[in-house]
Amino acid sequence: MLINLIKLPTRNTWAIRELEKYKAMNTEQQKIFSKVPEVVLLFWIIKIFATTLGETGGDALSMSMNLGYLMSTGIFAAIFFVAVGVQIFAQKFHPLIYWTTIIATTTVGTTLADFADRSLGIGYAGGTTILFVLLIASLMVWYRTLGSVAVDTVSSPKSEMFYWVTIMFSQTLGTALGDWAADTAGLGYGGGALVFGVMLVAIAVAYYRTKISHTVLFWAAFIITRPLGAVVGDFLDKPISHGGLALSRYSASAVLFVLILSCIFFFSHKPAQRAH
C-alpha cells in the first residue's frame, strides 16, 4: 500500500506533463496551419487602408488610365485569382500574401461594382441588394458545408475557397453600398464616412459589451469597413466640385500602399488562434 501511495503522485505528475505537452503541441499546430491573421486592432487598420486603396487604385485604372470598368475588372480579377491561388497553396500564414489578396479583392470589387452600376445600369441600390443576397448565400452554404464560418477554421483549401468567395462578395457589396450612401442617399463622402465609422464603433461596443456572436460581429465589421474605405477613397480623389479633395489617384494609392507595407513589415503578425 505504501508503495502504491508513493507511485501515485509520480503517475499524476507524468500525466500532467503529458497533458501540457499535448496542449503545447495543439497550440503550435494551430499557429502553423491557420491561414488568416489574428483579428486585432492592427488587422482593422490595415483593412481600412486596403479598402481605401481598392477605391483609389480601381479608379486609377478604370478612369485615370481610361481602361474602362470591364477591362479593369478583367485585369484585377486575373490578379485576384493568382493571389488566391498563391494564398491557398502556401503552407502557412504569410502576411504579405494575405494582404495582397485582400487588396486584389478590393480593387476588383471597386471596378466590378462600378461596371454593374454605370455600364449595366443596375444602379447602386440594385447592385447592393443582389450582392447582399449573394453574400448571405455564400455564408449559409459555407456554414452548412463545414459547420462554421469563424476565421479560426480557415485552414484547409475548401474553407479558404469559401472564405475568399465570401470576401469577394463583401468587398463588392461594400463598394456599391458606399457609393449608394454617398451619392444616391445624399450623405456625401464626409457624411458617409461618419455613418460607417459610427457603425464600426457600435460593432466594437457590441463585441465587448454584449453576448452577440463574435463571428457575426466579425463579418459585420468586415463588410462595413469596405464602404468606409470606398467613401474615404472617393473623398480623396473626387473633384472639389463633387465634395472631394481632387488628389491624384496615383499619389493617394502610392501613399496608402506604403502605409500598408509599413504595417506589414514593422509590426508582428500572428495567425488566428481563436474564434472571433
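Our structure is the block above this text.
Right, let's walk through the structure included here. All values derive from a computational prediction rather than experimental measurement.

## Regarding the overall build of the protein
Next, step 1: Of the regular secondary structure elements, the protein holds nine helices and zero strands.
Next, step 2: Starting at the N terminus and ending at the C terminus, the protein contains elements arranged as α-α-α-α-α-α-α-α-α.
Next, step 3: Scored against the burial criterion, the 276 residues of the protein give a buried share of 44%.
Next, step 4: On the protein, roughly 14200 Å² of surface is accessible, and the fraction owed to carbon and sulfur atoms is 71%.

## Description of the layout of surface pockets
Next, step 1: Taken as a whole, the second largest pocket spans an internal volume of roughly 170 Å³.
Next, step 2: Looking at the second largest pocket, the residues that line it are Phe76, Ile79, Leu96, Trp99, Thr100, Ile103, Ala104, Thr107, Phe257, Ile260, Leu261 and Ile264.
Next, step 3: Per-element tally for the lining of the second largest pocket: the top contributor is helix α4 (residues 95-119), with six residues.

## Section: helix α8 (residues 214-237)
Next, step 1: A rise of 1.5 Å per residue sets the reference length of α8, with its 24 residues, at 34 Å; its end C-alpha atoms lie 35 Å apart and thus fit the reference within 8%.
Next, step 2: Of all the 24 residues making up α8, 19 are buried; the element is thus mostly covered by neighbouring parts of the structure.
Next, step 3: Between a side-chain oxygen at the N-terminus of α8 and the backbone nitrogen of Thr215 the separation is 3.3 Å; the capping residue is Ser213.

## With respect to unusual backbone geometry
Next, step 1: Its identity is not glycine, yet Asn66 carries a phi of approximately 60°, on the positive side.
Next, step 2: With respect to the element layout, Asn66 can be found in the loop between α2 (41-64) and α3 (68-89).
Next, step 3: In this model, Ala246 sits at a positive phi of 60°, which is unusual for a non-glycine residue.
Next, step 4: Note on placement: Ala246 falls in the loop between α8 and α9 (249-266).

## A short note on the packing of aromatic side chains
Next, step 1: Scanning all chains against the criterion turns up 19 aromatic pairs.
Next, step 2: Summarising the aromatic geometry, the rings of Phe80 and Phe81 are spaced 5.4 Å apart at their centres and angled 55° between planes, so their arrangement reads as tilted.
Next, step 3: On the basis of relative accessible area, Phe80 is assigned to the buried category, the value being 9%.
Next, step 4: A residue is classified by how much of its surface remains accessible, and Phe81, at 60% relative accessible area, is exposed.
Next, step 5: When the ring of Trp142 is compared with that of Tyr163, the centres are 6.4 Å apart and the planes differ by 85°; the resulting orientation is edge-to-face.

Rules behind the numbers
- Residues numbered from 1 in each chain as written.
- Predicted model: local features only at pLDDT ≥ 70, side-chain atom pairs only at ≥ 80, totals over all residues.
- Heavy atoms only, no water.
- Helix = DSSP H or I, 4+ residues; strand = E, 2+ residues; numbered from the N terminus.
- Buried < 20%, exposed > 50% of the residue type's maximum accessible area, 1.4 Å probe, protein only.
- Areas by Shrake-Rupley, 256 points an atom, 1.4 Å probe, with all protein chains shown as cover.
- 1 Å grid on protein atoms, 1.4 Å probe; cavity = no way out; pocket = protein on both sides within 12 Å on 5 of 7 lines; lining within 4 Å.
- Points joined across faces, edges and corners; volume = space filled by probe spheres on them.
- Expected span 1.5 Å × (residues − 1).
- Polar contact = N/O pair within 3.5 Å; in protein donor to acceptor, adjacent residues only side chain to side chain.
- Phe/Tyr/Trp six-rings, centres within 6.5 Å; stacked < 30°, edge-to-face > 60°.

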